[in-house]
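# Summary of structural features
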2 protein chains.
Amino acid sequence: MPKTRESARANLENLYRIFTVPEAPESTLGAIDQAITANVAGFLQTHIVALERSLDEIETDFSSSVIPENPTFVSEYTEFVREKLVAQSVHTAAPGFIGHMTSALPYFMLPLSRIMTALNQNLVKVETSKAFTPMERQVLAMLHRLVYREDEDFYERWIHDSRNALGAFCSGGTIANLTALWAARNRLFAPQGDFRGIAQEGLVRSLNHMGCEGLAVLVSRRGHYSLGKAVDLLAIGRDNLVLIETDEKNRIDMAKLREKCRRLQDENIRPLSLVGIAGTTETGNIDPLDAMADLALELDCHFHVDAAWGGPTLFSESHRHLLDGISHADSVTMDAHKQLYVPMGAGMVVFKDPTALSAIEHHAAYILRHGSKDLGSHTLEGSRPGKAMLVHAGLSIIGRKGYELLIDMGIARAATFAGMIDRHPDFELTSEPELNILTYRYCPQRVREKLAWATAEQCAEINDLLDQVNQLLQKYQREAGKTFVSRTRLRVARYGRELTVLRAVLANPLTSDEILGAVLAEQGEIVKQAELQALVQQIEALCAGMADPPACAAGP
Amino acid sequence: MPKTRESARANLENLYRIFTVPEAPESTLGAIDQAITANVAGFLQTHIVALERSLDEIETDFSSSVIPENPTFVSEYTEFVREKLVAQSVHTAAPGFIGHMTSALPYFMLPLSRIMTALNQNLVKVETSKAFTPMERQVLAMLHRLVYREDEDFYERWIHDSRNALGAFCSGGTIANLTALWAARNRLFAPQGDFRGIAQEGLVRSLNHMGCEGLAVLVSRRGHYSLGKAVDLLAIGRDNLVLIETDEKNRIDMAKLREKCRRLQDENIRPLSLVGIAGTTETGNIDPLDAMADLALELDCHFHVDAAWGGPTLFSESHRHLLDGISHADSVTMDAHKQLYVPMGAGMVVFKDPTALSAIEHHAAYILRHGSKDLGSHTLEGSRPGKAMLVHAGLSIIGRKGYELLIDMGIARAATFAGMIDRHPDFELTSEPELNILTYRYCPQRVREKLAWATAEQCAEINDLLDQVNQLLQKYQREAGKTFVSRTRLRVARYGRELTVLRAVLANPLTSDEILGAVLAEQGEIVKQAELQALVQQIEALCAGMADPPACAAGP
């Protein structure tokens, strides 16, 4: 049938075309591409509309589960992307978007990302990555050195050692934390005599071999939720992720940690790892790493530091001391897509001992052969993109001093914002910033005064209402789309309970003091809405009806 | 000190600039960016030099472990990228690069990737991804439907269900396979009465609760190495990843699988999952999925299909029958960065039962709150980029029929290449292509004839020498940088042993028959090199000295 054959040939030609012919500059996609190239910030400002459409409504544009039968023109698809996807995205780079750990990107990340994408290297093996392999090893060595400050000889010896890796490049901090605990577990149950190690024999035989009942991972209550996933995956069980209380500054309580370790030992449960946090996700606080390192040494257990957020504080000469003790950690997680300002999807874990990752080493006949420099033999993930290039670019172009400036600015800005909140009659700081993260809530001065003298019951009632106000406040602010803070539940020592609080992350260098003022001003306006005022009036009624004494149990 | 203050201000201004000022088109980076935009293939051809520098040499460009103290100009860094990185990369998109599972990318993937990068959404939660969340859910539903073909009502019910997810989007197939087995393990040990489930209590108590000695995962010898990592991580142990022999077509031997399952049950070891392969990594073969599904049902165990490579065969009306039975799988892995032609770093796992992923559900106070539609509550990874956008683009722009054409072409091209090898006097096919992957080796016709009648000892000696020839052949071809095949060790039934074989993956639509001819021609030339000829002469001497009878033990 010549007709069919002709159409088949036409299809074939179209197919070749999409693999070879680039987009014409005057095409829709070409135009968008140009617009982003010329001015990312402007493009995002113009195209991410403030107009809030509800998620239900947006879902209607993504509701078909049928894969389109026939090809679509690129221009037509591009229109869809612009109207339905870009326009309904979150402007994570906006300087008023201070609620999560996403920031503006240095502009050079975009063209460099394109180069990375076009090269489409696969870091699992040298055969598909070539120079990207030594480059990733270099990036890992640089981060290792930032943390551990070993000498030149050390790095010369290990940086390109084919049998080892100073760390693992990952899709993010979750995989990094998991890799650290995986390596720790497998090192604890390393092959010995007839016992062939946990990797081979599994957990049950390993515990029998060691003669212990179970394993535990200890971290403060502020530990990242990825640790819960890790103990689940590693079959230790969430029961054995032991959460230790924190002090009033959201740092692990060392006395309670020691006490808990003692009790675990009595139960014949072996501490697999202590996990210190350098920059808690919710409040940006740093555990006493030095003391934790000492305890880990005493217990002969692994010490992991989750510095996904706070690691880059090490760039700052004036603030690096906050992380003292990190160089005694056996492993450290750092996220590049956070304070290294790399696009989403780049985490790392480095190990003090350059042979540590051999505990999870694996090989395959067609790649990852013994003695090859393939990075895939020491990573949890298999095929991986060349994201390390963007870390390399950041470290090279911004430099240590540039990152120092970014870190210092963020910390200073958080202190400024804390001051603004402190002076504001309607807001209350619920955690002091140690780095560049703080939490606060709507709670007028006059209510705070009453809370100080209220009964426990009155406190509970008022705080419950305040929780509702703050939840709605955050919701309406997000929906208005002008500025954004996040919210969480946080135990606040002076109230002896968990509260709903607003959370600000000050990592975007474009966030000015004016914008911070605008965030508070907008929140002040939102509280005036009828729905919130109804709650505020209930609170005020409660306050008005309150006797002055007796002192509240949780008062100051 | 006004001097310092002035330089601090200058630094600050530079810092603002890198976050706001785009690259001028006439700058070095701008020019490279333009060159890639205008003609990716041309750019890659011009800049990825064929000249082989050894890895040791390349490492010297990436040998400093010190993070540069001062900022570098973007233009200077860009020169470095061009000369030291791009020039020393692997041209994975070259049509003669048929050794691994990387291919040319459709051109529209590049500008769309830039949009994705500029938006920098984080899929872990709706607050940082908005429309990307329903889009990713849609992509998962489309792939689910491709595999399971449920009806419209089913997808309407589940696609955007806030408590569930039809699958998980991952950084790649390894995480996808791990997620599948994790969910399978946690479903097997789901909470029941006083037992709070394995996620909470860990493996030891779970096995006690169930009254069994251990768990096993069963897969053919051709199973991907990610499964070894999965059983290690999940604490089942590599001893309990049971590798079943394959038939002469590299498919799992069902009789041996049944037999093994029986024996495990006698030992009170519970099969956690059977894993079927739809497109083995090394040979592209497909297990008898229907029979495996029946057996899994009989054993009441999970049935996972690793279709990372072969899944998109479902697009093809003429070849989809090869995967019959896949719709009975409890979970299926598919890689988008393979035969969906998406840039590196995109895998997926879909689950037949839309509630299956609740077995690994997790929450956190500041995100992933109960009842939210945050995708992060059902994924192993935390923060993730919006890669699903590129899958959405591929499915929309290329369409089912376009992918069908790509699949059909690859399978046809593999058959063509197999024919060329079969007719060639110097090469021997070591696995027939079922999809678009085949293996072969250098082994001249006259040697093959001798091998058919040689003693076991003579066979071994000759095959050892042939292994060396093929290993060097692959090495020198890779180093010459014109064309590329990979190599692996593969058990070949007619020789009753493992051989070193060359492996070709025919997924690049730009790979023509002429290029395939050139690959063989280049290999013929390489064999003429003195080092290889020395080996060939040894083989010929052995052949010459051979008596005709008696028949070789492993002869035909």
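Scroll up a little and you will see the structure.
Now for the overall build of chain A. When its secondary structure is counted, chain A shows 20 helices and eleven strands. Since a compact globule built from 556 residues should have a radius of gyration of about 24 Å, the 27 Å found for chain A is in line with a globular shape. Dimensions of chain A, computed from C-alpha atoms along their principal axes, come out at roughly 90 × 65 × 50 Å. A buried classification covers 64% of the 556 residues belonging to chain A.

In terms of nonpolar packing, the biggest core is built from 208 residues, with Phe108(A), Leu112(A), Leu274(A), Phe108(B), Leu112(B) and Leu274(B) touching the most fellow members. Counting residues in each nonpolar core, the second largest holds 74 residues, with Leu241(A), Leu178(B), Leu203(B) and Val219(B) among its members.

What follows covers the interface of chain B and chain A. Across the boundary between the two partners, chain B contributes 168 residues, which contact 168 residues of chain A. Across the chain B-chain A interface, the total number found is 14 salt bridges. A salt bridge links Asp33(A) to Arg114(B), with the shortest nitrogen-to-oxygen separation between them at 3.0 Å. For the interface between chain B and chain A, the tally reads 70 residue pairs in polar contact (both at pLDDT 80 or more).

So, about the pattern of salt bridges. Following the criterion strictly, the structure yields 76 salt bridges over all chains and no others. With a shortest N-O distance of 3.8 Å, Asp61(A) and Lys84(A) are connected by a salt bridge. In this pair, Asp61(A) is assigned in the loop between α4 (55–59) and α5 (74–86) and Lys84(A) in helix α5, connecting sequence segments 23 residues apart. Measuring nitrogen to oxygen at the nearest pair gives 3.8 Å for the salt bridge that ties Glu127(A) to Arg478(B). Taken together, the residues Glu127(A) in the loop between α6 (109–119) and α7 (132–148) and Arg478(B) in helix α18 (residues 456–480) connect one chain to another. Here Glu127(A) falls in the buried class, since its relative accessible area comes to 12%.

Attention now goes to the packing of helix α18 (residues 456–480) of chain A against helix α20 (residues 530–544) of chain A. When two helices pack together, their arrangement is given by the angle between the helix axes and the distance between those axes. All names here are of chain A. At a minimum axis separation of 10 Å, α18 and α20 run at an interaxial angle of 160°. In terms of orientation, α18 and α20 fall into the roughly antiparallel class. For the element pair α18 and α20, the recorded crossing hand is left-handed. Here α18 contributes Glu 461, Ile 462, Leu 465, Leu 466, Gln 468, Val 469, Leu 472, Leu 473 and Tyr 476 to the contact with α20, which in turn contributes Glu 531, Leu 532, Leu 535, Val 536, Gln 538, Ile 539, Leu 542 and Cys 543. Among the residues making up the contact of α18 with α20, the classes are represented as 13 nonpolar, two polar and two charged.

When chain B is fitted to chain A, the best match, at an RMSD of 0.0 Å, comes from turning it 180° and sliding it 0.0 Å along the axis. As the rotation angle and translation indicate, the two copies are arranged about a two-fold axis. Judged by C-alpha distance, Leu234(B) is the residue of chain B that lies nearest the rotation axis, at 2.5 Å. Counting the interface residues of chain B, we find that 100% of their copies in chain A are interface residues as well, pointing to one common contact surface.

It is worth spelling out the side chain of Arg503(A) at this point. All names here are of chain A. Residue placement: Arg 503 occurs in strand β11 (residues 497–505). Here the side chain of Arg 503 touches Gly 99 through a polar contact of 3.1 Å, landing on its backbone oxygen. Among the polar contacts listed, one links the side chain of Arg 503 to the backbone oxygen of Thr 281, at a separation of 2.9 Å.

Let us now look at helix α11 (residues 203–210) of chain B. Of all the residues in α11(B), the buried ones are Leu203(B), Ser206(B) and Leu207(B). For α11(B), the angular spread of the buried residues around the axis is 95°, confining them to a single face. In α11(B), the exposed residues that point more than 90 degrees away from the buried face are Arg205(B) and Asn208(B). Contact partners of the buried residues in α11(B): α11 (203–210) of chain A together with α10 (198–201) and β2 (214–220) of chain B.

Here we come to the packing of helix α9 (residues 173–188) of chain B against helix α12 (residues 226–233) of chain B. Residue and element names in this part refer to chain B. In the contact formed by α9 and α12, the axes pass within 9 Å of each other and the chain directions differ by 45°. As judged from the angle between their axes, α9 and α12 are oblique. Crossing of α9 over α12 shows right-handed handedness. Where α9 abuts α12, its residues Thr 174, Asn 177, Leu 178 and Leu 181 lie against Ser 226, Leu 227, Lys 229, Ala 230 and Leu 233. Split into classes, the residues belonging to the contact of α9 with α12 amount to five nonpolar, three polar and one charged.

Residue and element names in this part refer to chain A. Across the sheet, which stays open at both edges, the seven strands sit in the order β1-β7-β6-β5-β4-β2-β3 with mixed pairing between neighbours. The sheet terminates laterally at β1 (167–170) and β3 (241–244), the two strands that pair on one side only. Between one strand axis and the next, the sheet turns through 20° on average, direction left out of account. In terms of strand pairing, strand β5 (residues 302–306) meets strand β6 (residues 331–335) through three bridges, oriented parallel. Bridge pairing in β6 places Val 305 opposite Val 332. Across the sheet, helix α14 (residues 289–299) is in contact with β4 (269–277) and β5; its angle to β4 comes to roughly 165°.

Residue and element names in this part refer to chain B. Pairing in this open sheet of seven strands is mixed, and the strands run β1-β7-β6-β5-β4-β2-β3 from one edge to the other. Strands with a single pairing partner mark the edges of an open sheet, and in this sheet they are β1 (167–170) and β3 (241–244). Sheet twist, expressed as the average angle between the axes of neighbouring strands with direction ignored, equals 20°. Here β2 pairs with strand β4 (residues 269–277) via six bridges, running parallel. Considered in β4, the bridge of Leu 215 is made with Arg 270.

About the thresholds
- Residues numbered from 1 in each chain as written.
- Chains lettered and ligands numbered in written order.
- Predicted model: local features only at pLDDT ≥ 70, side-chain atom pairs only at ≥ 80, totals over all residues.
- Heavy atoms only, no water.
- Helix = DSSP H or I, 4+ residues; strand = E, 2+ residues; numbered from the N terminus.
- Rg over C-alpha atoms; globule rule 2.2 N^0.38 Å.
- Buried < 20%, exposed > 50% of the residue type's maximum accessible area, 1.4 Å probe, protein only.
- Core = buried A, V, L, I, M, F, W, Y, C linked by side-chain atoms within 4.5 Å.
- Contact = heavy atoms within 4.5 Å.
- Salt bridge = Lys/Arg side-chain N within 4 Å of Asp/Glu carboxyl O.
- Polar contact = N/O pair within 3.5 Å; in protein donor to acceptor, adjacent residues only side chain to side chain.
- Axes fitted to C-alpha atoms, helices over the stretch in contact; angles between N-to-C directions.
- Parallel < 35°, antiparallel > 145°, perpendicular 65-115°, else oblique.
- Left-handed = near helix turned anticlockwise from the far one by under 90°.
- Nonpolar A, V, L, I, M, F, W, Y, C, P; charged D, E, K, R; others polar.
- Least-squares fit on C-alpha atoms with pLDDT ≥ 70 in both.
- Arc of directions from axis to C-beta.
- Pairing = 2+ DSSP bridges.

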